2 protein chains.
Amino acid sequence: MLKVDILKSLLEQKRYSELKEILKTRNSADISIALDELGSEQLIVIYRLLTKTKAAKVFSYMEPDTQEKLITSMTDKELKETMDEMFVDDAVDMIEEMPSNVVKRILRHTPHEQREIINMFLRYPSGSAGSVMTIEFVDLKEYMTVAEAFAKIKKVGVDSETIYTCYVLDEERTLIGIITVRTMLLADSTAKIKDLMETNFIAVNTLDDKEDAARKFDKYDLLALPVVDMESKMVGIITVDDAVDVLKEETTEDIEKMAAISPSDASYFKMSSLTHAKNRILWLVVLMLSASITGAILTKYQEAISSVPLLVSFIPMLMNTGGNCGNQSASLIIRGIALDEIVPSDFFKALFKEVRISLLVALVLSLVNGLRIYAVYKDIQLMVVITLSLIFTVILSKVLGCALPILAKKLKLDPALMAAPLITTIVDACSMFIYFNIALIIMGQRIG
Amino acid sequence: MLKVDILKSLLEQKRYSELKEILKTRNSADISIALDELGSEQLIVIYRLLTKTKAAKVFSYMEPDTQEKLITSMTDKELKETMDEMFVDDAVDMIEEMPSNVVKRILRHTPHEQREIINMFLRYPSGSAGSVMTIEFVDLKEYMTVAEAFAKIKKVGVDSETIYTCYVLDEERTLIGIITVRTMLLADSTAKIKDLMETNFIAVNTLDDKEDAARKFDKYDLLALPVVDMESKMVGIITVDDAVDVLKEETTEDIEKMAAISPSDASYFKMSSLTHAKNRILWLVVLMLSASITGAILTKYQEAISSVPLLVSFIPMLMNTGGNCGNQSASLIIRGIALDEIVPSDFFKALFKEVRISLLVALVLSLVNGLRIYAVYKDIQLMVVITLSLIFTVILSKVLGCALPILAKKLKLDPALMAAPLITTIVDACSMFIYFNIALIIMGQRIG
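Residues numbered from 1 in each chain as written. Chains lettered and ligands numbered in written order. Predicted model: local features only at pLDDT ≥ 70, side-chain atom pairs only at ≥ 80, totals over all residues. Heavy atoms only, no water.

**Q** I'd like a rundown of the overall build of chain A, residues and numbers included.
**A** On a plain count of helices and strands, chain A comes out with 23 helices and six strands. Sorting the 448 residues of chain A into buried and exposed places 57% on the buried side. Long-range contacts, defined as pairs at least 24 residues apart, comprise 68% of the intrachain contacts of chain A with a sequence gap of at least 6. Carbon and sulfur atoms make up 58% of the accessible area of chain A, which totals about 19000 Å². (Helix = DSSP H or I, 4+ residues; strand = E, 2+ residues; numbered from the N terminus. Buried < 20%, exposed > 50% of the residue type's maximum accessible area, 1.4 Å probe, protein only. Contact = heavy atoms within 4.5 Å. Areas by Shrake-Rupley, 256 points an atom, 1.4 Å probe, with all protein chains shown as cover.)

Here's what the structure looks like:
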């Protein structure tokens, strides 16, 4: 790691040549992390000490707010150079995070062709494969030899994000095959691309879901994935590093949704407390008000509670166990759906599985709990009431925890929203209703 | 996708040459998915229709139980050929999942050198970088020219999992530099490796945590990461596809732990209901028994409950809101720790942030709730009691949800264990204690 304190003290002592040497030996990702902590004046000084290519790389790794600070201190010429060197997908990522006045200035200083491409990207929906692709790839013709292909790579390779997978296009720019540098390196230099290329390849459409596209990298062990438009014309590629980013973000979003938080892109400390609170409050209010339904159910049984106040002391156990059981099932099912291990047509298969699991779990829990209650209270009626309620709660929570996320997926909703918080609230109301009704039936005389 | 029904019907009609043609056009990952659903007799027929190299690839993509089925039907010669063609890391992954009698048969038919390497791998601890690395990489010498390097790649490339990053070793096999095929392709063929190689590279130790190693791929946009031993000698590489697998598994494990489930490698449907139940029951029993502490606290206030039974109806709201608030904070903090955005030294910074957030959240929740209670019950005392209890519950749950995971990390425990289920149980007990004490103080006359 590059210590930001060292940078700062060298800057203050104006020891620029030493700084330059240190920066040379560090990689772009580490430098950008250190720069995220500097003020805009120090930032631009360091930035000017980097070589042009490295500067653009460091820039693309930075946090959006650091990028914004830096752009404001850059001269127009510097901004133009940076945009020139950046890969289009990094430039698009950056522009999406900037306020509109900064975007205008950036686009004014972006070369014409690149600006057109950036504008095209900005029009792809944010969850689409098109929005994360890059258009800098190596395209070959099927009549080329391996030697000619290598010559072409040498010519255009510097500007391509990856050269290891090349794309064979026909005259209409339709993708007809892919070929890896590996295949070409291991083949004869006079061999024809046509005879070496793989014609049975995986591709996605610009409008396909970016998460589905990213999952293909894991399934097929890809380094890059071609993106084609509606007419099968090749428009770009997604590289493995972008796929890893997509998966990371989608997982974080799922975890946030499962915890009843409105998802956001910013990292924990980058986000203000106010924004954190805003992202959390909506679901909390909804769930709090829903919980008053359970409260209203309890109010209906005030008489029973007054006659046997002991009944109240099992409310936390029943509610917690229901919540935990539902949480377990929902978490596994939601993760399974995200990883494509569970699909909507598995509905009944999954449901039967959860019913079997819940019977096993209910058996153990009610045994442990029944023994404890009998040992403490020596009250068979109480034991039966609690045991029956517990069994009902466990089965209901596991069934809902399994069914709701799959149904959500079927209805094209986000399964991650059908997680513990919502399920707990539903199970609480049902289990309290059942608990007091069982109590009224079995302990009727004492409650009477 | 390859339809398993088509395979089955072609098999039954013994139309083997057609089958062979279909298999040729499909990629290994899709074939292996289809094969996972066949019986062992059909499996071996299809397997024999594949070319040797493709067969090994298909084999390494299969689920462990399909691999086991297939191995049992293979002749010794076929087993030997498969092991010959497989990459060492795939072979190790497979062996780790097989019962010991199958392992013995596999190792008996593995070439001597490969067997030694497999044995070496099996000795690396399961969470270590060594356990996921592969030893098939291209090593170069610094005095080579680019042309000589390409000649070497051509010679050893077929057996290497990736050729795109090559490793420059000295006579003692110490790693002194790395060089990409891209750099070499764009350079002159007479250029020396020494002048082109990157000497400032990222490497990990065999015993480093595999998750930390995998995170470096995202941070530095890597395709492969060299693994060195204690003496800086190069022993293997981790490739990006293995890194993606590691991250996927670790995230699934975290999600399972956060839902109070003992983590497991198997996918949802591959695991029996009994195993599912076993993985879930331990925490359920622990949390159920802990919840009876909250129950015991409620028992202490039976008198208050008998006098003002209405108090009971706010228990679900307080417990749910506490649970949801704690879940939000714990989920964000645990994910932040997993992504290295939050480190143990951020303890106080994170704590102050959660306190600020919880004050904002508590303000909104208590306003909404206070108004509702006043509108429904016209009871100022009740409103004050509930509002104070709610504020206390929100702050406590957010503070615990933030503090416990970070403390766990500090103590080298798994932060994911300090998630909603545990925090809810603690918050429930505390909030019920506070609730009834506030009620006794403020509504003392009515309760008395």
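Continuing now.
**Q** Kindly report on the pattern of salt bridges, identifying the contributing residues and their values.
**A** Under the definition given, this model contains 26 salt bridges over all chains. One salt bridge in this structure joins Asp139 of chain A and Arg173 of chain A, with 3.6 Å as the shortest N-O distance. Here the residue Asp139 of chain A occupies a position in strand β1 (residues 139–140), and Arg173 of chain A occupies one in the loop between β2 (165–169) and β3 (175–180), the gap between them amounting to 34 residues. When its relative accessible area of 15% is taken as the criterion, Asp139 of chain A is described as buried. Note that Glu81 of chain B is salt-bridged to Lys77 of chain B, the shortest N-O span being 3.2 Å. (Salt bridge = Lys/Arg side-chain N within 4 Å of Asp/Glu carboxyl O.)

**Q** Help me get a handle on helix α21 (residues 380–410) of chain B, residues and values and all.
**A** All names here are of chain B. If you check α21, its first and last C-alpha atoms are 45 Å apart, about what 31 residues at 1.5 Å a residue would give, namely 45 Å. Backbone nitrogen of Gln381 and a side-chain oxygen of the N-cap are separated by 3.2 Å at the start of α21; the cap is Asp379. Trailing α21 by a residue or two, Lys412 shows a phi angle of about 60 degrees, which is positive. (Expected span 1.5 Å × (residues − 1). Polar contact = N/O pair within 3.5 Å; in protein donor to acceptor, adjacent residues only side chain to side chain.)

**Q** Any details on the sheet that holds strand β6 (residues 234–239) of chain B? Residues and values, ideally.
**A** Residue and element names in this part refer to chain B. Here we have three strands laid out as an open sheet, ordered β4-β5-β6, and mixed in their pairing. Of all the strands in the sheet, just β4 (204–205) and β6 have a single pairing partner and so form its edges. Bridge analysis of strand β5 (residues 224–228) against β6 gives five bridges, and the strand direction is antiparallel. Bridge assignment links Pro226 to a residue of β6, and that residue is Ile237. (Pairing = 2+ DSSP bridges.)

**Q** Explain the relation of the copies chain A and chain B residue by residue, including any values.
**A** Rotating chain A by 180 degrees and translating it 0.0 Å along the rotation axis places it on chain B, where the RMSD comes to 0.1 Å. Considering both components of the superposition, the chain copies are consistent with a two-fold axis. The rotation axis passes nearest to the C-alpha of Ser306 of chain A in chain A, at a distance of 2.5 Å. The fraction of interface residues of chain A whose copies in chain B are also interface residues reaches 99%, indicating that both copies meet through the same surface. (Least-squares fit on C-alpha atoms with pLDDT ≥ 70 in both.)

**Q** Kindly report on the sheet that holds strand β2 (residues 165–169) of chain B, identifying the contributing residues and their values.
**A** All names here are of chain B. The mixed open sheet is built from three strands, whose spatial order is β1-β2-β3. Two strands close off the open sheet at either side, each with one partner strand: β1 (139–140) and β3 (175–180). Both β1 and β2 contribute to a ladder of two bridges, which runs parallel. Bridge pairing in β2 links Leu140 to Val168.

**Q** Explain the side chain of Ser292 of chain A to me, using residue names and the numbers behind them.
**A** Residue and element names in this part refer to chain A. Within the element layout of this structure, Ser292 appears in helix α17 (residues 273–300). According to the relative accessible area criterion, Ser292 is buried, its value standing at 16%. From its side chain, Ser292 meets the backbone oxygen of Leu289 in a polar contact 2.4 Å long.

**Q** Quick one: what's the story with helix α16 (residues 240–258) of chain A, residue by residue and with numbers?
**A** Residue and element names in this part refer to chain A. In a regular helix each residue adds 1.5 Å, so 19 residues correspond to 27 Å; α16 covers 27 Å between its end C-alpha atoms and thus fits that length. The element α16 is extensively covered by neighbouring structure, given that 15 of its 19 residues are classed as buried. Ala260 sits one or two residues past α16 and shows a positive phi near 60 degrees.

**Q** Tell me about the interface of chain A and chain B, and please be specific about residues and values.
**A** Taken together, the contact pairs 112 residues of chain A with 111 residues of chain B. Residues Arg280 of chain A and Glu354 of chain B are paired through a salt bridge, measuring 2.9 Å at the closest nitrogen-oxygen approach. For the pair chain A and chain B, the interface holds 33 residue pairs in polar contact (both at pLDDT 80 or more). With 17 residues, the top contributor of residues to the side of chain A that touches chain B is α17 of chain A. Of the residues belonging to the side of chain A that touches chain B, the class tally is 59 nonpolar, 30 polar and 23 charged. (Nonpolar A, V, L, I, M, F, W, Y, C, P; charged D, E, K, R; others polar.)

**Q** Just give me the short version of the environment of Leu298 of chain B, but keep the residues and values in it.
**A** The topology assignment puts Leu298 of chain B in helix α17 (residues 273–300). Once the C-alpha coordinates of Leu298 of chain B and Thr51 of chain B are considered, the two residues, 247 residues apart in sequence, prove to be 70 Å apart. In this view, Leu298 of chain B contacts Val312, Ser313 and Pro316 of chain A together with Ile305, Ile315, Met432 and Phe436 of chain B; residues no more than four positions away in its chain are not counted.

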